[in-house]
Amino acid sequence: MELSAALTTAQHIALQTGAYLRARYQEPITQTTKSTDIDIVTDADEAAEAFISRELLRHYPDHHLVGEEGGGQGTPADQADFHWYIDPIDGTTNFASKIPHFCVSLALTTPGREPLLGVIYDPMRDELFSAVKGEGATLNGTPIQVTDTTTLVQSVLASGFPYYKHTDPDNNTDQWTAFVKQVRGIRRMGSAALDLAYVACGRFDGYWEQGLKPWDGLAGILLVAEAGGQISDYTGGITPQHDERGRYIASNGHIHDAIVETLTATYS
């Protein structure tokens, strides 16, 4: 598998998808709900994923595709050497509400969900984040790296809340309360993929969130790792993407243990 060629293909598809989303952004949006009343999908999500899937399978018919909206496509998962994880609009609530903060996220992985390349494209800012395993991370072609902040009190973190927050008391409110007393600031932007990309390029020092699906995080965790950061689950385990509803921490590395310790304390 030639990863540099696959990266170019993924970037081109993400840019095309982003152009479509920019065009749809000002138009009326049809939306329905999925797992809960606040978990929505729009007709643009479905159209964008259909386009991405069609283009990826045109280039890689022997790969397996996992999309947020369309399920498994392509070669069966147990027969494919490479899997794509597709989030056509990460930040659908923002998109549907005309808030210009959302992205397209594509990740190529092994069958065991080890990310090989990741692309995250913010069409409203025209920012293309890219990473290939072992080759670093870039923003619009320029190398990026995480911050060198060493303490929580100096840090700006990002997080979010799961779609089941209304019904499950384990909904990140206790964790948010614990962090807000210790850090410079917390931001809730509404796109997990962009939160991870912002850690990678130094806009955030760290990030935590629970209830993420693999397509939410796979491209972003590669970006963070390739930008010199650290990834784990809430206990420090290094493969949060293996869980279907993962608990992710991403940081610059310096504050990682402090984030783990704070989260652990909220569950004790």
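Only a predicted model underlies this, so the values are computations on that prediction, with no experimental measurement involved. (Residues numbered from 1 in each chain as written. Predicted model: local features only at pLDDT ≥ 70, side-chain atom pairs only at ≥ 80, totals over all residues. Heavy atoms only, no water.)

Considering the nonpolar core
Note on soluble globular proteins: their nonpolar side chains tend to be buried together. Of all hydrophobic cores here, the largest spans 36 residues; its most connected members are Ile120, Phe129, Ile144, Tyr207 and Leu223. If you list the elements that add at least two residues to this core, you get strand S6 (103-109), strand S8 (127-132), strand S9 (137-139), strand S11 (156-158), helix H5 (192-200), strand S13 (206-212), helix H6 (214-226) and strand S15 (246-251). The element best represented in this core is H5, accounting for 8 residues. Contacts of Phe129, omitting those with residues within four sequence positions, involve Gly118, Val119, Ile120, Thr138, Leu139, Ile144, Leu194, Ala197, Tyr198, Cys201, Arg203 and Leu223. (Core = buried A, V, L, I, M, F, W, Y, C linked by side-chain atoms within 4.5 Å. Buried < 20%, exposed > 50% of the residue type's maximum accessible area, 1.4 Å probe, protein only. Helix = DSSP H or I, 4+ residues; strand = E, 2+ residues; numbered from the N terminus. Contact = heavy atoms within 4.5 Å.)

Considerations on the state of the cysteines
Counted under the stated rule, the structure contains 0 disulfides. You can see Cys103 has no disulfide; the closest cysteine sulfur is in Cys201, sitting 12 Å from it. Cys103 gets classed as buried once you look at its relative accessible area, which sits at 0%. On the basis of relative accessible area, Cys201 is assigned to the buried category, the value being 18%. (Disulfide = S-S within 2.5 Å.)

Things to note about the pairing of S6
For S6, a buried count of 7 out of 7 residues is recorded, marking the element as mostly surrounded by other parts of the structure. Going residue by residue along S6, you find Cys103, Ser105, Ala107 and Thr109 tucked away on one face and Val104, Leu106 and Leu108 tucked away on the opposite face as well. Examined bridge by bridge, strand S5 (residues 83-90) and S6 share 6 bridges and lie antiparallel to one another. Counterpart to Ile86 in the pairing with S6 is Leu106. Here 6 bridges tie S6 to strand S7 (residues 115-122), and the two strands are oriented antiparallel to one another. Residue pairing in the sheet places Val104 in a bridge with Tyr121 of S7. Following S6, the chain reverses through 5 residues before pairing antiparallel with S7; Arg113 in that reversal takes a positive phi of roughly 65°. (Pairing = 2+ DSSP bridges.)

Observations concerning the side chain of His64
Looking at the secondary structure, you find His64 in strand S3 (residues 64-67). Among the polar contacts listed, one links the side chain of His64 to the backbone oxygen of Gln73, at a separation of 3.3 Å. Within polar-contact distance, the side chain of His64 engages the backbone nitrogen of Ala77 at 3.5 Å. Filtering out sequence-adjacent residues up to four positions away, His64 remains in contact with Gly72, Gln73, Thr75, Pro76, Ala77, Ala80, Phe82, His83 and Trp84. (Polar contact = N/O pair within 3.5 Å; in protein donor to acceptor, adjacent residues only side chain to side chain.)

Comments concerning the packing of helix H1 (residues 3-25) against helix H2 (residues 43-59)
With their axes 10 Å apart at the nearest point, H1 and H2 run at an angle of 160° to one another. One element, H1, and the other, H2, form an angle in the roughly antiparallel class. The handedness of the crossing between H1 and H2 is right-handed. For the pair H1 and H2, contact is made by Thr9, Ile13, Gln16, Thr17, Tyr20, Leu21 and Arg24 and by Asp43, Ala44, Ala47, Ala48, Phe51, Ile52, Glu55, Leu56 and His59, respectively. Grouping the amino acids of the contact of H1 with H2 by side-chain chemistry returns 9 nonpolar, 4 polar and 3 charged. (Axes fitted to C-alpha atoms, helices over the stretch in contact; angles between N-to-C directions. Parallel < 35°, antiparallel > 145°, perpendicular 65-115°, else oblique. Left-handed = near helix turned anticlockwise from the far one by under 90°. Nonpolar A, V, L, I, M, F, W, Y, C, P; charged D, E, K, R; others polar.)

Observations regarding unusual backbone geometry
With a phi angle near 65°, Lys98 is a residue other than glycine that sits in the positive phi range. Relative to the helices and strands, Lys98 is located in the loop between helix H3 (92-96) and S6. Lys98 sits in the partly exposed class, given a relative accessible area of 33%. For Asp126, which is not glycine, the phi torsion reads 55° and is therefore positive. Positionally, Asp126 belongs in the loop between S7 and S8. Among the residues examined, Asp126 registers a relative accessible area of 45% and is labelled partly exposed.

Comments concerning the sheet that holds strand S14 (residues 230-232)
One open sheet holds the 5 strands; their spatial order is S12-S11-S13-S15-S14, and the pairing between them is mixed. The open sheet has two edge strands with one neighbour each: strand S12 (185-187) and S14. Strand-to-strand, the axes of this sheet are offset by a mean angle of 15°, without reference to chain direction. The strands touched by H5 within the sheet are S11, S13 and S15, with S13 carrying the most contacts at an inclination of about 155°.

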